[in-house]
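What follows is each chain in one-letter form.
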Amino acid sequence: MAEKTAVLTEKAPKPLTGIYSQAIKANGFVFVSGAVPMDAETMKIVDGDIKVHTHQCIKNLAAILEASGSDLNKVVKVNVFIANMDDFAAMNEVYSQYWGEVKPCRTCVAVKTLPLNVDVEIECTATY
């Protein structure tokens, strides 16, 4: 049976204690929980639109990946959840600036409601 190790960094918003981990490392992969556009220091949602929020989500993912010994360039799969499909193009404008030369596989779905009523949440899987 494969071992799994939790990842925790102060550079990303704290997970809900006893509910989930920021990420789990297992079998050469790191599985990162969904990141919302929350500032790690204030634990508040950053002000701004879907573009600002997408940057913040990815900033949080990058911090967790770094703590796990990985980085955005090693991401192989991304799931994006947005509250309004009308924000798809604006989110993509920011999203496309990341992930290195070879973009990861991705799913993007619109959902009815996200935690804290944010407009975007992003999770990813990477190698390390």
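Our structure is the block above this text.
In this report, we go over the structure that sits alongside the text. All of these numbers come straight from a predicted model, not from anything done at the bench.

What about the pairing of strand S4 (residues 75–82)?
Argument step 1. Pairing of S4 with strand S6 (residues 120–127) involves seven bridges; the strand directions are antiparallel. Residue pairing in the sheet places isoleucine 82 in a bridge with valine 120 of S6.
Argument step 2. Tracing the backbone out of S4, into helix H2 (residues 88–95) and back to the parallel element strand S5 (residues 105–110) gives a crossover that is right-handed.

A few points about the pattern of salt bridges
Argument step 1. Counting across every chain of the model gives two salt bridges.
Argument step 2. One salt bridge in this structure joins lysine 11 and glutamate 66, with 3.9 Å as the shortest N-O distance. Here the residue lysine 11 occupies a position in the loop between strand S1 (5–7) and strand S2 (23–26), and glutamate 66 occupies one in helix H1 (residues 50–67), the gap between them amounting to 55 residues. There is no split in this pair, since lysine 11 and glutamate 66 are both exposed.
Argument step 3. A salt bridge links glutamate 93 to lysine 51; the shortest N-O distance between them is 2.9 Å.

Considering the environment of isoleucine 82
Argument step 1. Note that isoleucine 82 resides in strand S4.
Argument step 2. Spatially, the C-alpha atoms of isoleucine 82 and aspartate 119 are 5.5 Å apart, while their sequence positions differ by 37 residues.
Argument step 3. In contact with isoleucine 82, other than residues within four places in its own chain, are Phe88, Met91, Cys108, Val109, Ala110, Val111, Leu114, Asp119 and Val120.

Each value, and the rule that gives it
- Residues numbered from 1 in each chain as written.
- Predicted model: local features only at pLDDT ≥ 70, side-chain atom pairs only at ≥ 80, totals over all residues.
- Heavy atoms only, no water.
- Pairing = 2+ DSSP bridges.
- Helix = DSSP H or I, 4+ residues; strand = E, 2+ residues; numbered from the N terminus.
- Right-handed = clockwise from strand over helix to strand, strands pointing away.
- Salt bridge = Lys/Arg side-chain N within 4 Å of Asp/Glu carboxyl O.
- Buried < 20%, exposed > 50% of the residue type's maximum accessible area, 1.4 Å probe, protein only.
- Contact = heavy atoms within 4.5 Å.

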